[in-house]
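# Structural overview
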Amino acid sequence: MGGDLADVRLWARELDLVHERFVHRFSRSEPRESALAYMRGLIAPLQRKNGWTVAEEAGHGGPDRIQRMLNRIEWDADEVLDDVREYVVENLGDPEAVLIVDDTGFLKKGTRSAGVQRQYSGTAGRTENCQVGVFLGYATPRGRTLIDRRLYLPTSWTDDRERCRRAGIGDEVAFATKVAMAKAMVRKAIADGLPFSWVTADAAYGFSKGWRFELEQADVFHVMSTTRHDTVVTRWAMDHPVHDLFNGLPRQKWKRRSCGAGAHGLRVYDWARVEVRPWHRPDRRHWVIARRSVSRPDEISYYIAYCPAETTLDQLIRIAGSRWAIEECFQTAKQECGLDDYQVRRYPGWHRHMTLAMAAHACLTILRARELDTGKAETDPPSSSTSASQKSDA
């Protein structure tokens, strides 16, 4: 019990520090205090995290103050997110970090919540009445968290401007594909000087030749999942199907490797790569990578990579495997930080909730990273110089 109380105090102190980074974004004390109370409620061990339960946790008589902060009082969630991103970079920043793009669904009833319609939800694994958010994850060896978000608006919304206005969607917000949202988030990360080396995404995003070309033009290394129907340039054809590249490949070209830990242990596959795009700058390479199931050899997935010439297959496998980090972010942010527990219908409210939930998730991620650092320092053997010093003292 004492340990639990210490954890709660530690979380509260760190949340206070995160809050201090963006408190200047609020012009009045009430929304400043409500934002902190909301983040505290999001990480509290509540069975359900809605306006009433979070308000009760904060000691409020009702949800009005929280709802005003989310829906009515003016503040810029994008500016707050910039402050949260700086906090992430200061604590987890790594020049070898991976940016990961993915979307997740939020099941909703009715037709009034911004962007809601019957659409495919990867979370549910089927078509449901839901909202879909496109997110950008930031993964390093010390931790992973979410650093950007956009609410996807189907054409059923953007073609009906009056409906958009009722949901707080400005006339300037036009339809954008999920790939366009992914491009915008990565462009912003580049423009802001975020430290990273790689971008990865699943086939819904990686299949876009236009986006891959844009990343290459910016010299941004990437390992993008794609479909077997994608085509690449080779010495033999301008549109060579990726699945044909691996027919008859010698057995020794396939390497059995793990691409990281999953829910049921290490994710082990057979991997191979074939170089494509033979006309390139000498210090860069283009590869198509195949990932074959060990138990079902007919099940093969494909990736397209742009990378430094010296990049090994093992390194590319690690980047491909890092895509699952964003799935872990979604899971922990929903379970521990109320990412999917919200009662807002308007477009600004959705982005405000997501920003504060992401701030709470970043806070917990960084606390865990520090805890792991402390544990590693305590278990690391003394360095040779330390040992020699101790011997001389003796």
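Presented here is an overview of the structure given in this document.

Quick notes on the rules
- Residues take numbers from 1 onward in each chain, read along the sequence in its written order.
- Only residues with pLDDT of at least 70 get local features here, since the model is predicted, and only at 80 or more are side-chain atom pairs given and counted; chain-wide, interface and lining totals rely on the full set of residues.
- Derived side-chain values reflect all non-hydrogen atoms in the structure, with water molecules and hydrogen atoms excluded from consideration.
- Each helix corresponds to a stretch of at least 4 residues labelled H or I by DSSP, and each strand to a stretch of at least 2 residues labelled E; elements are numbered beginning at the N terminus.
- This radius of gyration counts C-alpha atoms alone. The globule rule is 2.2 Å times how many residues there are, raised to the power 0.38.
- Whether two residues touch is decided by their heavy atoms; if any such pair falls within 4.5 Å, the residues are in contact.
- Using a 1.4 Å probe, the Shrake-Rupley method yields the accessible areas, and only the shown protein chains count as cover for residues.
- A residue counts as positive if it is Lys or Arg and as negative if it is Asp or Glu; His and the chain ends are not included.
- In plain terms, the charge of a residue is placed at NZ if it is Lys, CZ if Arg, CG if Asp and CD if Glu.
- Salt bridge, as used here, is a side-chain nitrogen of Lys or Arg placed within 4 Å of a carboxyl oxygen of Asp or Glu.
- Here the term buried applies to any residue with accessible area under 20% of the maximum for its type, exposed to any over 50%, and partly exposed to those in between, with areas from a 1.4 Å probe on protein chains only.
- Every axis in this analysis is a line fitted to C-alpha atoms, fitted for helices over the stretch in contact. Angles between the N-to-C directions lie between 0 and 180 degrees.
- Here is the rule for angles: anything less than 35 degrees is roughly parallel, anything more than 145 is roughly antiparallel, 65 through 115 is roughly perpendicular, and the remaining ranges are oblique.
- Under the scheme applied, nonpolar residues are Ala, Val, Leu, Ile, Met, Phe, Trp, Tyr, Cys and Pro; charged residues are Asp, Glu, Lys and Arg; polar residues are all the others, including Gly.
- Centres within 6.5 Å make a pair out of two Phe, Tyr or Trp rings, where for Trp the six-membered ring is used; the pair is then stacked when the planes are under 30 degrees apart, edge-to-face when over 60, and tilted otherwise.
- Nine residue types can take part in a nonpolar core, namely buried Ala, Val, Leu, Ile, Met, Phe, Trp, Tyr and Cys, and a core is a set of them joined through side-chain atoms within 4.5 Å.

### Notes on the overall build of the protein chain
- Each helix and strand in the protein chain was counted, giving 14 helices and 12 strands.
- What you see for the protein chain is a C-alpha radius of gyration of 23 Å, in line with the 21 Å of a compact globule of 394 residues.
- Projected onto its principal axes, the C-alpha coordinates of the protein chain cover approximately 80 × 70 × 40 Å.
- Taking the contacts inside the protein chain whose residues are at least 6 apart along the sequence as the reference set, 64% of them involve residues at least 24 apart.
- On the protein chain, roughly 19600 Å² of surface is accessible, and the fraction owed to carbon and sulfur atoms is 50%.
- The average position of the 58 basic charges and that of the 54 acidic charges among the side chains of the protein chain differ by 4 Å.

### Observations concerning the pattern of salt bridges
- On inspection of all chains with the given rule, the structure shows 36 salt bridges.
- Residues Lys188 and Asp82 are paired through a salt bridge, measuring 3.3 Å at the closest nitrogen-oxygen approach. With a gap of 106 residues between them, Lys188 in helix H8 (residues 178–191) and Asp82 in helix H5 (residues 77–92) connect regions that are remote in the sequence.
- The salt bridge involving Arg212 is made with Asp230; its shortest N-O contact spans 2.9 Å. Here Arg212, found in helix H10 (residues 209–217), pairs with Asp230, found in the loop between strand S6 (221–226) and strand S7 (231–232); they are 18 residues apart in sequence, far enough to count as distant. Each member of the pair, Arg212 as well as Asp230, is classed as buried.

### With respect to the packing of helix H2 (residues 29–43) against helix H4 (residues 64–71)
- Interaxial distance between H2 and H4 falls to 9 Å at its minimum, and their mutual angle equals 105°. On the basis of their axis angle, the class for H2 and H4 is roughly perpendicular. For the pair H2 and H4, contact is made by Glu30, Pro31, Glu33, Ser34, Ala35 and Tyr38 and by Arg65, Ile66, Arg68, Met69 and Leu70, respectively.
- Grouping the amino acids of the contact of H2 with H4 by side-chain chemistry returns six nonpolar, one polar and four charged.

### Side note on the side chain of Thr365
- Relative to the helices and strands, Thr365 is located in helix H13 (residues 347–379).
- Contacts of Thr365, omitting those with residues within four sequence positions, involve Leu92, Gly143, Arg144 and Thr145.

### Brief notes about the packing of aromatic side chains
- Inspection of every chain in the model, using the stated rule, returns 14 aromatic pairs.
- Arranged with centres 6.2 Å apart and planes meeting at 55°, the rings of Phe135 and Trp350 form a pair that is tilted. In this pair, Phe135 sits in strand S3 (residues 126–140) while Trp350 sits in helix H13, placing the two residues 215 residues apart along the sequence. As far as the burial class goes, Phe135 and Trp350 line up, both buried.

### Here's the deal with the nonpolar core
- Judged by nonpolar contacts, the single largest core of 103 residues is most densely connected at Leu99 and Trp211.
- If one sorts the elements of this core by residue count, H13 sits on top with 14 residues.
- Sequence-distant contacts of Trp211, defined by excluding residues within four places in its chain, comprise Val101, Val179, Ala182, Lys183, Val186, Val199, Ala201, Tyr205 and Met224.
- Listed in part, the 12 residues of the second largest apolar core include Leu245, Ala272, Val274 and Ala290.

### Some words on the packing of H8 against H10
- Viewed as axis vectors pointing N to C, H8 and H10 meet at an angle of 10°, and their least axial separation amounts to 10 Å. In this view, H8 runs roughly parallel relative to H10, as classed from their interaxial angle. Along its contact with H8, which presents Val179, Ala182, Lys183, Val186 and Arg187, the element H10 presents Gly210, Trp211, Glu214 and Leu215.

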